[in-house]
Structures are given as structure tokens and as C-alpha cells.
Amino acid sequence: MRCPSCQATLTAEARFCPSCGRAINPAPDAPTVDPGPAVPTVSYRAPEPPPRRDPPPPPASAPRLASSSFQGRFTPGQVLAGRYRILNLLGQGGMGEVYRADDLTLGQPVALKFLPVHFTSDPQRLQRFLAEVRTTRQISHPAVCRVYDVEQIDDAYCLAMEYIDGEDLASLLRRIGRLPEDKALEIARQLCAGLAAAHDLGVIHRDLKPANIMIDGRGRARIADFGVAGVAAALNASGDITAGTPAYMAPEQLAGTAVTTRSDLYSLGLVLYELFTGRPVWADKASSLAELRRLHESHTPQNLSSHVSGIDPLIERVILRCLEHDPDARPRSALAVAAALPGGDPLAAALAAGETPSPEMVAASSRDGVLRRGRAIAWLASVLIGLALILAIERFLSVPLENVAPLAPGVLKTKAEDIISALGDPSRPADYAYGFSYSTGFSNYQIRQALARNDPHFWGRFSDPWAPVIRFFYRRAAHSLQSSTPWSSIILLDNPRFAIEGEVRVELDARARLLRYERIPDQVIKPSGDSTAGPPAPPPTGTLFDPLIRAAGFDPAALTSTEPRWTPHAFADHRAAWTAAVPSDPPMPVRLEAASLAGSPVFFRVINEWTEPERTPPELWGTGVRRIFNIFGSLMFVLAILGASFLAWRHARLGRTDFRGAAVIATSVFLPMWVGGVFAVQNPATIVSLYWLGPPLYYALYNAALTCLCYLAIEPVVRRLWPDMLVSWARVLTGQLRDPLIGRDVLLGTAMGIAFQILLRISPSIGRPFGSIDGPLGFTSIDDLRGVLPFIAVNASGIAVGGILIALLITMLLIGCRVLTRSTRRASIVFFLVLLLIQMQFFSVSPGGFLLSATAAGLLTFTLTRIGLLAMITFLIINNVILEVPLTLDASHWAFGYTLAALGATVLLAGSGFLRALGSQKLVTEDPLA
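Residues numbered from 1 in each chain as written. Predicted model: local features only at pLDDT ≥ 70, side-chain atom pairs only at ≥ 80, totals over all residues. Heavy atoms only, no water.

Draft legend 1. Representation of the overall build of the protein chain in the model. Looking only at helices and strands, the protein chain has 29 helices and 19 strands in total. Every one of the 930 residues in the protein chain was classed for burial, and the buried ones make up 51%. Here the analysis covers contacts within the protein chain between residues at least 6 apart in sequence; of these, 67% occur between residues at least 24 apart. Of the roughly 42000 Å² of accessible surface on the protein chain, 59% is carried by carbon and sulfur atoms. (Helix = DSSP H or I, 4+ residues; strand = E, 2+ residues; numbered from the N terminus. Buried < 20%, exposed > 50% of the residue type's maximum accessible area, 1.4 Å probe, protein only. Contact = heavy atoms within 4.5 Å. Areas by Shrake-Rupley, 256 points an atom, 1.4 Å probe, with all protein chains shown as cover.)

Draft legend 2. Here's a closer look at the packing of helix α7 (residues 261-277) against helix α9 (residues 313-322). At a minimum axis distance of 7 Å, the contact between α7 and α9 shows a crossing angle of 140 degrees. In the crossing of α7 with α9, the sense of the turn from one axis to the other is left-handed. For the pair formed by α7 and α9, the contact residues are L265, Y266, G269, L272, Y273 and F276 on the first element and I315, I319 and C322 on the second. Tallied by class, residues from the contact of α7 with α9 come to 8 nonpolar, 1 polar and no charged. (Axes fitted to C-alpha atoms, helices over the stretch in contact; angles between N-to-C directions. Left-handed = near helix turned anticlockwise from the far one by under 90°. Nonpolar A, V, L, I, M, F, W, Y, C, P; charged D, E, K, R; others polar.)

Draft legend 3. Seen up close, the sheet that holds strand β18 (residues 588-597). Taking strand neighbours across the sheet as the criterion, the 8 strands line up as β12-β13-β14-β15-β19-β18-β17-β16 in an open arrangement whose pairing is antiparallel. In this open sheet, the two strands that pair with only one neighbour each are β12 (431-438) and β16 (560-562). Averaged over all neighbouring strand pairs, the angle between strand axes comes to 20 degrees, with direction disregarded. Where strand β15 (residues 514-519) lies against strand β19 (residues 600-607), 3 bridges are found, and the strand directions are antiparallel. Directly across from E518, in β19, lies its bridge partner F603. (Pairing = 2+ DSSP bridges.)

Draft legend 4. View of the side chain of K183. Here K183 is to be found in helix α4 (residues 181-200). Residue class for K183 comes out buried when judged on its relative accessible area of 14%. A polar atom in the side chain of K183 sits 3.2 Å from the backbone oxygen of G219. (Polar contact = N/O pair within 3.5 Å; in protein donor to acceptor, adjacent residues only side chain to side chain.)

Draft legend 5. Quick look at the packing of aromatic side chains. Following the criterion strictly, the structure yields 13 aromatic pairs and no others. Ring centres 6.0 Å apart and planes at 70 degrees place the aromatic pair F545 and W578 in the edge-to-face group. Highlighted residues: F545 in the loop between α17 (541-544) and α18 (546-551) and W578 in strand β17 (residues 574-582), separated in sequence by 33 residues. When its relative accessible area of 9% is taken as the criterion, W578 is described as buried. Ring centres of F646 and W649 lie 6.1 Å apart, and the angle between their planes is 40 degrees; on these two criteria the pair is classed as tilted. Residue F646 and its partner W649 are located together in helix α19 (residues 624-653), separated by 3 residues, close to a single helical turn. (Phe/Tyr/Trp six-rings, centres within 6.5 Å; stacked < 30°, edge-to-face > 60°.)

Draft legend 6. Geometry of the nonpolar core. Counting 139 residues, the largest nonpolar core has L514, F554, F604 and W729 as its most contacted members. Every residue in contact with W729, bar those within four places of it in the chain, is listed here: I665, Y711, L869, L870 and I873. Counting 69 residues, the second largest nonpolar core, distinct from the first, contains V144, V150, A188 and L265. (Core = buried A, V, L, I, M, F, W, Y, C linked by side-chain atoms within 4.5 Å.)

Draft legend 7. A look at the pairing of strand β13 (residues 470-477). Of all 8 residues in β13, 8 are buried, a share of seventy percent or more. Here β13 shows two buried faces, one formed by I470, F472, Y474 and R476 and the other by R471, F473, R475 and A477. Pairing between β13 and strand β14 (residues 504-509): 6 bridges, direction antiparallel. When the bridges of β14 are listed, R471 appears paired with D509.

Draft legend 8. The arrangement of the pattern of salt bridges in detail. The full count for this structure, using the stated rule, is 22 salt bridges. Ionic pairing is found between E186 and K183, a salt bridge with its closest N-O pair at 3.5 Å. Taken as a pair, E186 and K183 lie in helix α4 at a separation of 3 residues, close to a single helical turn. For the salt bridge of D509 with R513, the shortest nitrogen-to-oxygen distance reads 2.9 Å. Just as D509 is buried, R513 falls in that class too. (Salt bridge = Lys/Arg side-chain N within 4 Å of Asp/Glu carboxyl O.)

Draft legend 9. Focus on helix α25 (residues 788-821). The end-to-end C-alpha distance of α25, which contains 34 residues, comes to 48 Å, matching closely the 50 Å that a straight helix rising 1.5 Å per residue would cover. R822 occupies a position one or two residues after α25 and carries a positive phi of about 55 degrees. (Expected span 1.5 Å × (residues − 1).)

Draft legend 10. Quick look at the packing of helix α24 (residues 740-762) against helix α28 (residues 869-884). Where α24 meets α28, the axes come as close as 7 Å, and the angle between the chain directions of the two elements is 45 degrees. What the angle tells us is that α24 and α28 run oblique. Between α24 and α28 the crossing geometry is right-handed. From α24, I742, D745, V746, G749, T750, M752, G753, I754, F756, Q757, L760 and R761 reach across to α28, where they touch L870, A871, T874, F875, I878, N879, I882 and L883. When grouped by side-chain class, the residues that make up the contact of α24 with α28 number 12 nonpolar, 6 polar and 2 charged. (Parallel < 35°, antiparallel > 145°, perpendicular 65-115°, else oblique.)

Draft legend 11. The arrangement of a nonpolar patch on the surface in detail. Where nonpolar side chains cluster on the molecular surface, the patch consists of F632, L635, M636, F637, V638, L639, L642 and Y702 and spans about 800 Å² of accessible area. Here the nonpolar patch gets 7 residues from one element, more than from any other, and that element is α19. Here Y702 is to be found in helix α22 (residues 694-721). The class for Y702 is partly exposed, based on a relative accessible area of 43%. (Patch = residues over 30% accessible without salt bridge, like charges linked within 9 Å, V, L, I, M, F, W, Y side chains within 5 Å.)

Draft legend 12. How the structure looks around a positive patch on the surface. The grouping of R650, R653, R656 and R720 at the surface amounts to a positive patch. When you line up the elements, R653 lands in helix α19. Looking at R653, the relative accessible area reads 53%, which means it is exposed. (Lys, Arg positive; Asp, Glu negative; His and termini not counted. Charge placed at Lys NZ, Arg CZ, Asp CG, Glu CD.)

Draft legend 13. Broad picture of the sheet that holds strand β7 (residues 166-168). Spatially, the 3 strands line up as an open sheet ordered β7-β9-β10, and their pairing is antiparallel. At either end of the open sheet lies a strand with only one pairing partner, and these are β7 and β10 (221-223). The sheet shows a mean angle of 30 degrees between the axes of neighbouring strands, direction not considered. Here 3 bridges tie β7 to strand β9 (residues 213-216), and the two strands are oriented antiparallel to one another. Bridge assignment links G166 to a residue of β9, and that residue is D216.

Draft legend 14. Region of the structure containing unusual backbone geometry. Omega for the peptide link from N495 to P496 comes to 10 degrees, which places this bond in the cis form. Mapped onto the elements of the fold, P496 is located in the loop between β13 and β14. Phi angles above zero are rare outside glycine, and R822 is one such case at about 55 degrees.

Draft legend 15. Looking closely at the side chain of E593. Within the element layout of this structure, E593 appears in strand β18. Given a relative accessible area of 1%, E593 falls into the buried group. A polar side-chain atom of E593 sits 3.5 Å from the main-chain amide nitrogen of W566.

Draft legend 16. Here's a closer look at the pairing of strand β3 (residues 96-103). Alignment of β3 against strand β4 (residues 108-114), held across 7 bridges, turns out to be antiparallel. What sits directly across from R100, in β4, is A111. Counted along the chain from β3 to the antiparallel partner β4, the turn is 4 residues long, and its residue G107 has a positive phi close to 70 degrees.

Below is the structure:
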């Protein structure tokens, strides 16, 4: 005899067709099962096929397949809505009937699922159902059966869905019992990926079971039947929770309390349990809904190993965790389930399918990042050796900090106050501020002289005791000093504008010699008859300015009078000028300019060859080559903002945006910058006036918004093109801070940042200097060293901007190269060349300097493209920490504490990365030879 479905030859005793599984001579107590017309099926061979057994009866709530006699409401050949020709009934159950039909308009097969009349008779429920279908039809994934449209035919509504040429998983499991473990793992990962695609859009399936999972002709799993799917918030608000198959519901869904994505994960666990064991968990144990609820409350699923010997314990642990009664104890997402399965890599699966992986999928990548013990120790040792090398460069190849800044800021502040008091102004100010700055004019002058003399070893001139490398300023006023800069509340020498009567500002060099004294006189001079008037007659010039001349380090008797050339900042009725020679090697000519009003000094300044006028109108865009670069840079900034805004809008419209990550990264920039701006204020009156809340807040919001915009624009692109770059960063955003990959990237990023700093610091000693240099090496900052809180605050702000924001901008540059070249490899080459051009501005113009520039560009390229975004952020943070802190080996120097803080923070960061990169390895092995 032959099978009526597949025409396979059968024996007279055969009860099932071995090819298609059709029941031929079923036992009297077995249900009649007819899978319908013959369709291509997928057969699997288990390693040890279970003994032949009668198929278990389906649960009462599960849809049944049609028998050989057509039992549907529509007949084959009938055309519905002038478009769909019915071919046959595929199945029917409590949630309606499913027909196979031909779409005569598009010429393709479809599956039509007619919903029960009671499901759509309620107008409110119908509208909610249509709204849910609008969301469900957006799900596009290879592991999901697509929903095309909703049709109304007569008084019934049906879903037009993708027709899957194959059989459902329930039928397959009835035929072969269970799948081999490797095939079951493949099917499990596909189900996780399809379910994750639905959850990403907020859609909950609610009826996930083997009968609603199709195995197509190529053996791939497809999640079907989203007829009762919906959005969690809408479902919970409406109370429509219990729709679905009770035997495959989560406890909270069965009880009608709530339905969430983790409810689907419970159903997924039930399906996977049946997939690996061939046995359902609850479907064959409960004869009623009340009994099923009792089983959920009083029983736990049996271990898979009690049904199948030799099953991987990891598989068993993952499935049983999905079946936890408490939703919070289940995995976070379907992607977490896929990642926890043996050998799972959902990220690779998504890329192979040509999709943009979600942030959760990136975080769930299989990359572990564990470094072998020897390699991790080598990287940590490279960080420590690099720090030692930087200290050696600072001591032997650079200008020692103790030579250019020997006095602490507190000492210099006291000296400035003494000078003011010596001039007859002992009043206590209402507000004051002080700080450091580099003498850029002196540095640029020395560079020009070195270029003219072809002198590569000009750094020794910075150690001259008379070299004004470091300048200290002190301002005091009878009112609150408030910054005029909208992005900073820090008071500087010329910020706010020096214009209100009674204000005094003093500038000293690093050895407390006076460089400048200025005071704003009263706008109205009091008459000489007033008893409160100041000194009525000016003293002789020789005694009027003597305190200022001596404070500048000169002998008044040794000066030569000359004609004044520099006008004071305010009106003066008497001016004087002298010339002298600074006793340096070689001696440097100098001018002393002074002015007074009504017998009181209002202006004194030491004028050197490099001193430039400050009141000349500035060029809007600069001059020469700088003008071209400034215009080009401003244009590129505007274009970058417009491009980033367009990309961010496009990604949001397509549903690719990681809003959670954007919120985290914006907060990571905003809080350090705002709090840093608050604590950076040092002058007391400004702190009391609460003015410091404004500018730091504005600046922090601006940078946070810019960072958020850049992240929204580039993160989905990187996630699509180079997801490996974001794995460790995605795990940081999900709170997996102890992950070994995070530790590895932090450790490697720290090492790369130290190497970059070494290149920067040895550059001036290799060739001729190039460009403008602001400090002894042109890299170290000293204007933050006004106290512990300002130091921490300013560095925290620098880390937020110089680390996170700059890393995103560099990544945006890489994406731009990728867009221009349309090739990842060519983009990396162009990216390297662009960075090389940028780095050449910071290194010497010489063959050695070019080699250093190429090495620095290579470090940046390698860190971003081969290690990742987190390593690049760490790279820039380390550069900011080492760059902003003057380093000294002199334990008695006032800045030695700052040196220890910078080195300690670097070692702490590298050490934490080292320990996490070890994973479960012990730092010291029990076997010393291991």
C-alpha cells in the first residue's frame, strides 16, 4: 500500500508514514491527524532515535490540523475579496482557522488566518487589535513570519501572513521525538533572534508554542501567528492578558496579573524544553485550567537531564532559568538567552543576516576579552615602565618643573597682597581670584629665535631664573567678580573686563617678581579740600614708583629714564619709563612703564621684546594660513552638526537609535562638567552669590547635547559596520562593569595613551620645534593648580570632553572616511593619513618628527579600529590626565601631590583593568612553573 500524501510504499502493519508522518491506521484511542496536502518537509535523524510511540493527544486549547475531509468555512477554489483563492485548510483552533491561499494580485502564496467572530465583535477590542497589527507588521526578521495586512471578508477579519513552505515544530516533534543537540541549538538561536526583533519594537507574542513555530524547507525556524501579539503597555492597561494557549503561558500571564517580554521568555523556555527533550513541561500533565495553575504554584519543571542523558549542563541551566516563576529571575532578554547557550554568538548571526544588531545584541556578543596571565602582566608592566619613562623625560629631556615654578600659589598670592598694601591700599577686598598661565609670548619668541639660529637645544633658556615661563595673576575688587564668559565661571586676568573703579590686578613671574600692576582709579576725583581725599600732592617720581620697581627685581638707581611709549589702561596725569637689562644669559633688554593719577600709581608693567599690545583689534579669522584653517574648521564644524542631526533623525525614524546609551553618555558628560565647573570657582564672593550655577550649567548642557547628538548619529552606523568596536562600551552601558573585555580594553587603552604621551614628550628633542608652544614642552597645563578642588574639578571636566566627546568626534571622522571610500580597508588607510596630517602639527619638522607623527597616528588608528571605542575613550582620558598635570620628582615641591594624584589615578585605572582582564584566572598560580 502507499501513503495517500507522499505516495511512499508502506507495509500492511504501518500506522504512520515514515516519510511524512501521516497517520495511516491510527489506534482506536489516537486522534486522527492529517497535515493536509503534501508539502516539502524537513527530516532529522537523532543520534539515538527513541522507540516508536503513539503521538500524544494535543492540548485542548491547541489548534488542530484539518482531517482529510475539508472542515473549514471556505472551500478550495473559492476566491475571497476578489484577490485570495483558497487552496486548503492548514489548521484550526481556539484562535481561528488558517488557510493556504494564492494572492492573485501579487502572484504569491499567503496564509490567511481568520479570527473568531467573538475576538473582533467588540469595537474597542477591534481597534486595539488593528493598532497592534500596525506595530506587528513592522517586524522584519528572517526568523519571523511576516504579517502583511488585515482583510475584512464579510463579517470576519483575517490576517494575511507569509506562507511558510514546511511544517510546524509541534508536528516535527511528534514525528521524531526530539532534535539532535546541535540542530536544536541552531533552532534555539534563531528563535531567540526572532523574538528579540519583536521585543525591540515592544511587541509581545503571547502565544509562543511549537505549533506556532514553522520549520521551512531549508530547516530554519520561523516564529508565526502574531494574531494575539500586542504592545505590553496597551495589553496591561486593557486587561487583555490571558489570550493565548494556557499550557504555554507564563505564571503571571496565566493569573492575568501582567504580561511582559519576560512572559515570552517563559514560553520560550517551554518551547526549548520540548525542543531538547521531546517532552512538554505542562501540556500533558494538566487536564484543566485550575490544575495547570496549581502545577505552576506547587511544581517546578524537571531537569532536562532526567529525560535526556548527556545534555550539556549549560543548556539545562539556561532553559531552567527561563522557567523561573519570578519574572525578575529570568534572563534580561532573548538575546541574553542566545548568548548564554553554548557557542552562541547572536552578533555574528545578525551580521550574517544583513541586519543592524541591537545594542543588547552587541553587549551579548561572544567576545570574552580574557587575557592570559602572562600577557596581562606584560601590558600592566608596559604601563608602569611607560610612566617611569615619562618621569625620566620630564627630568632629563625637559625643563624641570622646580625651575620654572618654584613657589606655591599661596606664597605668590601673599606676595601680590603685600605689593598692593605697600602702595597704600590695606583694605580687605570683597572678592579676589588668582591663577597661573603660561607666557605664550615668551615661548613663541624663543621658538622664532631658535629657528633663526637653527638651535634645536633651546629648551635650556626656559630654565633661566629670569625667563617668565610661568605667570601668576591676582585680582581683587570691592564687588563680586563674575565671569563674562558664558561657558565658564573661572576668573582670569582679563575676564571679567577690568573696568570698575577700585579693581586691582597684579601679575608676577614664578619667582614672585612683579610683571604688572594695574588699578582702576575713582571715576570722580575728590576735591583737595575734602578731608577724605587721598594724597593731595604726588610725591617725586623717584619715590612714587620705587616700591613697584623693587618688586620687579630692579634697582631704581640703576635705571635709565626714557620716553614713555605704552599708554595705561585708564586715564593718568603722570607717566614715566625706564630701560634696563635683565641679568640673564645672554642679557635681555627690558622697558619699565609706569603711570599715576593724583599721586597714586595706577599702572606699572615690565615690557620685554616679546610683549605684544593687547588692545589691538583682533582679526575675525586670523591671518595667513591660520585664517584658512579657521574658516575651514568652522565650515566643517557646521557641516558636521548638520550631518549629525540628519543621521540622528534618520536613525530615530528607522528605529535604530540607542536612546538609553545616549542618555547615559550625555549624563556622563553633563555631571562631571557641571560639578567640575561649580568646584572650579575659587573666589569667595562669587561662591556666595551663586553666580557659578549659571555658566557651568550652560556649558555642561551644551557639551552634553553635542555629545548626545554625535552618539545618536554615529552609534547605529558603527553598530552596523564595526559592532566589535562597541562590545565593551555596550557592556559598560548595561552595567557589566566586571566583564573581562571591559578590563582588557581599559588596560590596553591606558597603555596606548602612555605610549602616545612618550611620543609627544620626546618630539622636541629630536628635531626643530614647529608651531606655537604654550609651556616648557608645550603640552603640560598649569593653570588648574590653584587648589585641590579646582584641580579635581577642571580635570573631571577635561575627562568628560577630552575623553568621551573627542572619542566620538574621532569616530565620526572614521565614518566619514568610510562614506567617502565605501570600503572598510580603504577607510582605515584614509583615516590614518588624516590623523597623520593632524599629528604633524604637534611634532617636530624633521624625519624623526615625521616618524613620530606616523607612529602617533598609527596608535590612534589601531586603538579605535582594532580595540574599540572604550579603549579610545581610555586613551584620551589618560592623555588628558598626564597632559594637564606638571610632573616632578622633587618630593619637596609644592606640585608633587598633583604628580602623585595623576600617576596614582593612571595606575589605579590600569590595575583595575588588569584584574578584570584576568577573568577567573588567579594572579598567582599554585604551581610556580605553570
